[in-house]
Amino acid sequence: EVCAELCASGRHNDVGEVVSHWSLDQMLDATGCGFDLLDANMMSLVLSLRVAYEECDKKPTSWPSCVRKDILKDNVSVVARNVGQVLASCPVTDVVPPVL
């Protein structure tokens, strides 16, 4: 939510500093290797950041390279499988993760 608020207020360059604590580039490389190891919350973060990055007029260079490069197009099957696994494991009464 913090990243979305920063983007909404036009402070896109500050997002890189906020997400640096999660070390996304260490979890994922520019090809998407490691994408299948992300949990639903981290996948949600990467997907949300990619959407926000696409909506930026001036693309910030401080964001993780796994967000700046379009790694999602080559990993659609991994995303779908992970989302399916999360959905299958959620009882009806549980809160559904934001990525879903």
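Data block above holds the structure.
Residues numbered from 1 in each chain as written. Predicted model: local features only at pLDDT ≥ 70, side-chain atom pairs only at ≥ 80, totals over all residues. Heavy atoms only, no water.

Visitor: Can you help me understand the pattern of salt bridges in this one?
Guide: Oppositely charged side chains can pair when the atoms bearing their charge come close. Counted by the stated rule, this structure contains 3 salt bridges. Here Arg50 and Glu54 are joined by a salt bridge, their closest N and O atoms 2.3 Å apart. Highlighted residues: Arg50 and Glu54, both in helix α4 (residues 40-55), separated by 4 residues, approximately one helical turn. Its salt-bridge partner being Asp70, residue Arg50 comes within 3.9 Å of it at the nearest N-O pair. Within this pair, whereas Arg50 is found in helix α4, its partner Asp70 is found in the loop between α5 (65-68) and α6 (76-89), the two being separated by 20 residues in sequence. Asp70 sits in the partly exposed class, given a relative accessible area of 33%. Three or more residues are tied together by salt bridges with common partners; here these are Arg50, Glu54 and Asp70. (Salt bridge = Lys/Arg side-chain N within 4 Å of Asp/Glu carboxyl O. Helix = DSSP H or I, 4+ residues; strand = E, 2+ residues; numbered from the N terminus. Buried < 20%, exposed > 50% of the residue type's maximum accessible area, 1.4 Å probe, protein only.)

Visitor: Teacher, can you tell me more about helix α2 (residues 12-19) here?
Guide: The α-helix advances 3.6 residues per turn, and as a result positions three or four apart in sequence lie on the same side. Looking only at α2, the buried set comprises His12, Val15, Gly16 and Val19. Buried residues of α2, seen end-on, are gathered within an arc of 105 degrees and therefore sit on one face of the element. In α2, the exposed positions that point more than 90 degrees away from the buried face belong to Asn13 and Glu17. (Arc of directions from axis to C-beta.)

Visitor: Even after reading the chapter, I still don't get unusual backbone geometry, so can you show me in this structure?
Guide: Most peptide bonds adopt trans geometry, and most residues besides glycine take a negative phi value. If you check the backbone angles, Ser23 has positive phi at about 50 degrees while not being a glycine. Position of Ser23 among the secondary structure elements: in the loop between α2 and α3 (24-27). Take Ser23: its relative accessible area is 28%, and that puts it in the partly exposed class.

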